Amino acid sequence: MNDEATKREVEERFNTVKRLYGDRLDEKQLEGVRTGVETIVRASQAVSAVRLENGDEPFSVFVPYWEEG
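It should be emphasised that the depicted structure is a prediction, and the values quoted were computed from it without experimental measurement.

1. Quick look at the packing of aromatic side chains
- If you walk through the whole model with that rule in mind, you get zero aromatic pairs.
- We note Arg 34 situated over the ring of Phe 14; from NZ or CZ to the ring centre the distance is 3.9 Å.

In structure tokens:
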């Protein structure tokens, strides 16, 4: 997704939150919401960029348990 499309998506999502809850938030809080929305949009793009095949499985970490005794 290009930078212009990212900015547009952030703005659209932010405006939705502002329309629904803006009357309860001051300017500083709204700026925090905008930052949070931008972080979520960019994280979503990063996750979407990872291509998985149908047979791909989650990476698992083996941590052995050792009982002291």
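2. With respect to the pattern of salt bridges
- Within the structure shown, the criterion is met by seven salt bridges.
- For Asp 3, the salt bridge goes to Arg 42, with nearest N and O atoms at 3.7 Å. Within this pair, whereas Asp 3 is found in helix H1 (residues 3-21), its partner Arg 42 is found in helix H2 (residues 27-48), the two being separated by 39 residues in sequence.
- According to the relative accessible area criterion, Asp 3 is partly exposed, its value standing at 42%.
- Of the charged contacts, one joins Arg 42 and Glu 38 as a salt bridge, the two residues approaching to 3.3 Å between their closest N and O atoms. Placement of the pair is Arg 42 and Glu 38 together in helix H2, with a separation of four residues, close to one helical turn.

3. Digging into the environment of Glu 38
- Taking relative accessible area as the criterion, Glu 38 reaches 33% and is therefore assigned partly exposed.
- Separated by 17 residues in sequence, Glu 38 and Tyr 21 place their C-alpha atoms 17 Å apart.

4. Some details on H2
- With 22 residues, H2 extends 31 Å between its outermost C-alpha atoms, agreeing within 8% with the 32 Å of an ideal straight helix rising 1.5 Å per residue.
- Taken together, the buried positions of H2 are Leu 30, Val 37 and Val 41. In a view along the axis of H2, the buried residues occupy a sector of 35 degrees, so they form one face of it. Those residues of H2 that are exposed and angled more than 90 degrees off the buried face are Lys 28, Thr 39 and Val 47.
- Taken together, the buried residues of H2 touch H1.

Parameters at a glance
Residues numbered from 1 in each chain as written. Predicted model: local features only at pLDDT ≥ 70, side-chain atom pairs only at ≥ 80, totals over all residues. Heavy atoms only, no water. Phe/Tyr/Trp six-rings, centres within 6.5 Å; stacked < 30°, edge-to-face > 60°. Lys NZ or Arg CZ within 6 Å of the ring centre and 35° of its normal. Salt bridge = Lys/Arg side-chain N within 4 Å of Asp/Glu carboxyl O. Helix = DSSP H or I, 4+ residues; strand = E, 2+ residues; numbered from the N terminus. Buried < 20%, exposed > 50% of the residue type's maximum accessible area, 1.4 Å probe, protein only. Expected span 1.5 Å × (residues − 1). Arc of directions from axis to C-beta. Contact = heavy atoms within 4.5 Å.

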